[in-house]
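Each chain, letter by letter, is given below.
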Amino acid sequence: MPYERFVEIGRVAYVAHGDDKGKLIAIVDVIDHNRALVDGPCSGVNRKDMNFKALHLTQFKIKIGPSARTGTVRKAWEKAEIDQKWSETTWAKKLANVEKRANLTDFDRFKLMKAKQSRNRLINIEFGKLRKAARKQPAKPKRMRKRK
């Protein structure tokens, strides 16, 4: 399977760790094989160099020139509607769910546990009914092997 996401000017990336963890940035220029100049005007990330190991490349790309200014990056970002497209991805939804679960109170966790118990109880009751119905059916006749 060939790679589809390349480190290139205009590629939108997710910051995996560091001070700006969890924010989206755009690669403005490639400094060397380890670092890139990035800018995130719509996510509050100032223009700076960042290691590629701290970035997770997304499927999105904006049209900007090499070393584009912050205003240009912002206009291209808003024109491509990156924030809206990002919020619709399953990746962003999973991150939102992780954050939501991390912010649960003790009582919320208790309510979640009880909801799961009631759901599993319903599933087990239905499964028991199906199993009981399957037992009542006559057994399939065994196949006899023919001898040569």
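Presented here is an overview of the structure given in this document. Since we're looking at a predicted model, the values are computed, not measured.

Regarding helix 1 (residues 70-79)
Here is step 1 of the chain: Along helix 1, the residues that are buried comprise Val 73, Ala 76 and Trp 77. Each buried residue of helix 1 sits inside an arc of 105° when the element is viewed along its axis, so together they form one side. The exposed set on the far side of helix 1, more than 90 degrees from its buried face, consists of Lys 75 and Lys 79.
Here is step 2 of the chain: Buried residues belonging to helix 1 abut strand 1 (11-15), strand 2 (24-30), strand 3 (35-40) and helix 2 (82-88).

Quick word on unusual backbone geometry
Here is step 1 of the chain: Residue Ser 67 is not a glycine yet carries a positive backbone phi of 55°.
Here is step 2 of the chain: Along the polypeptide, Ser 67 turns up in the loop between strand 5 (55-61) and helix 1.
Here is step 3 of the chain: The phi dihedral of Glu 81 is positive, around 50°, even though this residue is not glycine.
Here is step 4 of the chain: You can see Glu 81 is positioned in the loop between helix 1 and helix 2.

Definitions and cut-offs
Residues numbered from 1 in each chain as written. Predicted model: local features only at pLDDT ≥ 70, side-chain atom pairs only at ≥ 80, totals over all residues. Heavy atoms only, no water. Buried < 20%, exposed > 50% of the residue type's maximum accessible area, 1.4 Å probe, protein only. Helix = DSSP H or I, 4+ residues; strand = E, 2+ residues; numbered from the N terminus. Arc of directions from axis to C-beta. Contact = heavy atoms within 4.5 Å.

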